[in-house]
Amino acid sequence: MIQPNPELLQAPSLIANQGLQSSIAIEVRHLSVTFPNGNGGLRAVEDISFCIEEQEFVCVLGPSGSGKSTLLRVLAGLLPPTSGEVYFCGQPLKEPRREIGFVFQKANLMPWRTVLQNILLPLELQNVPNGEARQRAMELIDLVGLRGFEDTLPRDLSGGMAQRVAIARALVHDPQVLLLDEPFGGLDALTRERMGDELLRIWQARRKTVVMVTHSIPEAIYLSDRVLVFTPRPGRLRLDLPVYLPRPRNDEIRYSPAFGELAKCLRAEIG
Ligand code: ADP
Ligand code: MG
């Protein structure tokens, strides 16, 4: 296993999370998931253990089919572990919870609903009173930079805009944890970078815990406090790499020696 230059693993004084009380938002203990396939079962993830602190931004990297989406579905409470345990704020996670929001690669908006109506949906399901729901949805529309598009239908949105709506919808009931499964996978490179900055801005404004699956090494480094790397299937935790780059992050950082060193290290691990 290649390790980056040890100097890069020392936390500089500019870390955003510095000084915050740390407490564990998510704990995964010896998680394995096997899918039935009529042939002894297909093991998707195997014996994964890690903790994620509140307000941490963690990216999950790994080859296709290594169980990243499976892990995220378990963290969302959508899929029970075959063995092992998952805890959310110290409580066993048994089912989906309001405190955990989820964004998929495809925005999955309802085509007949406007931007505002799509974002209102989770609040309608919770019977939040109309006035309050509308106010919260409009705040989110501002936060994701879609003011002026409230009444637009999904067919008239670009891919990046649709993903912003999906992020706003996942945040509207103010979940503590945001899980994102390759949310920018369908976007062109520049839009993707801009969406990354947008997500960091939202994360910083709302102080969420974020777990995001991505295929992109630079994206993982640019965004996160830590990168978890999976092995090929069955996914095991191959590396848990802290990213001690200063925040707020900006384009300059992509060209820094520390960034290059981390990218090299991750590239070598993924193969
Ligand atoms: P990744 O997101 O890393 O590409 P996935 O978690 O989607 O990987 O899948 C891991 C493995 O589990 C793959 O081999 C996939 O085919 C299999 N798998 C995922 N979901 C199911 C399911 N519902 N039923 C059977 N096999 C599944
Ligand atoms: Mg996946």
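Residues numbered from 1 in each chain as written. Chains lettered and ligands numbered in written order. Predicted model: local features only at pLDDT ≥ 70, side-chain atom pairs only at ≥ 80, totals over all residues. Heavy atoms only, no water.

Trainee: Could you give me a rundown of the pattern of salt bridges, with the residues and numbers involved?
Mentor: A full pass over the atoms with the stated rule returns 19 salt bridges. The closest approach of N and O atoms between arginine 147 and aspartate 142, which form a salt bridge, is 3.0 Å. Using a relative accessible area of 49% as the deciding quantity, one classes arginine 147 as partly exposed. The salt bridge involving aspartate 251 is made with arginine 254; its shortest N-O contact spans 2.9 Å. (Salt bridge = Lys/Arg side-chain N within 4 Å of Asp/Glu carboxyl O. Buried < 20%, exposed > 50% of the residue type's maximum accessible area, 1.4 Å probe, protein only.)

Trainee: Go over the side chain of arginine 169, please, and point to the residues and values.
Mentor: Along the chain, the position of arginine 169 falls in helix H4 (residues 159-171). The charged side chain of arginine 169 is buried without a salt bridge, its nearest counter-charge being glutamate 124 at 11 Å. With residues near it in sequence (within four places) discarded, arginine 169 still touches Ala107, Asn108, Leu109, Asn118, Ile119 and Pro122. (Helix = DSSP H or I, 4+ residues; strand = E, 2+ residues; numbered from the N terminus. Lys, Arg positive; Asp, Glu negative; His and termini not counted. Contact = heavy atoms within 4.5 Å.)

Trainee: An account of the environment of valine 103 is needed here, citing residue identities and associated values.
Mentor: Within the fold, valine 103 resides in strand S6 (residues 100-103). In sequence terms valine 103 and valine 28 are 75 residues apart; their C-alpha atoms lie 20 Å from each other. Every residue in contact with valine 103, bar those within four places of it in the chain, is listed here: Gln163, Ala166, Ile167, Ala170, Leu178, Leu179, Leu180, Asp181 and Pro183.

Trainee: For unusual backbone geometry, give the residues involved together with the corresponding values.
Mentor: Look at the link from arginine 233 to proline 234: it is a cis peptide, with omega at -5 degrees. Cis rather than trans, the peptide bond between arginine 247 and proline 248 has omega equal to -5 degrees. Mapped onto the elements, proline 248 comes out in the loop between strand S10 (237-242) and helix H7 (257-270). A positive phi angle, near 50 degrees, is found at cysteine 89, a position not held by glycine. Mapped onto the fold, cysteine 89 is located in the loop between strand S4 (83-88) and strand S5 (91-92). The backbone of asparagine 108 sits at a positive phi, close to 50 degrees, despite the residue not being glycine. Among the structural elements, asparagine 108 can be located in the loop between S6 and helix H2 (115-125).

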